[in-house]
Amino acid sequence: MTAPLPVRPPEPPATGTSASGTPAPKEEHRRPSRLLAPLRQTGQLFALALAVARAIFRRPFQVREFIEQFWFVASVTILPAALVSIPFGAVIALQVGSLTEQLGAQSFTGGASVLAVIQQASPLIVALLIAGAAGSAICADLGSRKIREELDAMEVMGVSPVQRLVVPRVLATMFVAVLLNGLVSVVGTLGGYFFNVIMQGGTPGAYLASFSALAQLPDLYIGELKALIFGFIAGIVAAYRGLHPRGGPKGVGDAVNQSVVITFMLLFAVNMVLTAIYLQIVPPKGG
């Protein structure tokens, strides 16, 4: 008996058609569009923020981790914040003093400069320093843990990385931001007072009188609220980029740079929104 002839395998379907003759889906339709990547990342960022907000009230709370992160964030931001606030307050006082002198309203220099420091400069200085110093360290720490698969091991053991690692770091950035905002406000105000009185020949009484005439307690409240929100944003963005590095150790460095840039952009956008809302809700003193 002769051996059966080998059966030739069927030809693969041509591009654009399947074996049944129907058009096959194109490859580009099956792949996620790159144009939607920013939207997906934005959604993941908001999902992480919501998960952190929920995990804050869950038990057990990582008290030791929170204290360690609080001390670390404070130690790397206190001295730079104090040093930066002095020239910042001085520049605002000099610029406002020069402008009020041209307008013939030197008596309002103190109030205008102090309000600018408390409402705008102080929260932004604190947030930028926390994002640049503490946020980059948080992102690098979480990113290195991710590429070493420590976070995957925690999930296998039933431990939530968000509750164990992210929540203490975000709370630490928030509390340090609120405390540093008070320090920067005081130091910036003193720096503006010194430069206005000493270098521009202002009078101490007029400086303090204009501040008491224009300032009100909600101005301090909005500064503290901004610092709290900015600290939350800095911690969330740093944690998100640290949890999603790409490309090994090089990806961790890229994630750190991206976290700082994204935080800066969000801070200025949120600051604009909060300032607009505050000016609409709270009437000016004496208005």
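In this text, all values refer to a predicted model and were calculated from it rather than measured experimentally.

A. Focus on the overall build of the protein chain. When you go through the protein chain residue by residue, the secondary structure sums to 9 helices and 0 strands. Starting at the N terminus and ending at the C terminus, the protein chain contains elements arranged as α-α-α-α-α-α-α-α-α. Considering only contacts within the protein chain whose residues lie at least 6 apart along the sequence, 83% involve residues at least 24 apart.

B. Fine view of the nonpolar core. Counting residues in hydrophobic clusters, the biggest one holds 33 residues, and the most contacted among them are L48, V52 and V166. Residue assignment for this core shows that the elements contributing at least two residues are α2 (37–55), α4 (109–147), α5 (150–156), α6 (161–199), α8 (217–243) and α9 (248–281). Ignoring sequence-local partners within four residues, the contact set of L48 consists of V162, I236, A239, Y240 and L243.

C. Representation of the side chain of T275 in the model. With respect to the secondary-structure elements, T275 resides in helix α9. Taking relative accessible area as the criterion, T275 reaches 16% and is therefore assigned buried. In this structure T275 touches Q120 and K226, once residues within four positions along its chain are discounted.

D. Here's a closer look at a nonpolar patch on the surface. Judged by side-chain polarity, L94, F194, I198 and M199 come together as a nonpolar surface patch covering roughly 390 Å² of accessible area. Residue contributions to the nonpolar patch peak at 3 residues, all from α6. Among the structural elements, I198 can be located in helix α6. Assessed through its relative accessible area of 54%, I198 is described here as exposed.

Calculation criteria
- Residues numbered from 1 in each chain as written.
- Predicted model: local features only at pLDDT ≥ 70, side-chain atom pairs only at ≥ 80, totals over all residues.
- Heavy atoms only, no water.
- Helix = DSSP H or I, 4+ residues; strand = E, 2+ residues; numbered from the N terminus.
- Contact = heavy atoms within 4.5 Å.
- Core = buried A, V, L, I, M, F, W, Y, C linked by side-chain atoms within 4.5 Å.
- Buried < 20%, exposed > 50% of the residue type's maximum accessible area, 1.4 Å probe, protein only.
- Patch = residues over 30% accessible without salt bridge, like charges linked within 9 Å, V, L, I, M, F, W, Y side chains within 5 Å.
- Areas by Shrake-Rupley, 256 points an atom, 1.4 Å probe, with all protein chains shown as cover.
- Salt bridge = Lys/Arg side-chain N within 4 Å of Asp/Glu carboxyl O.

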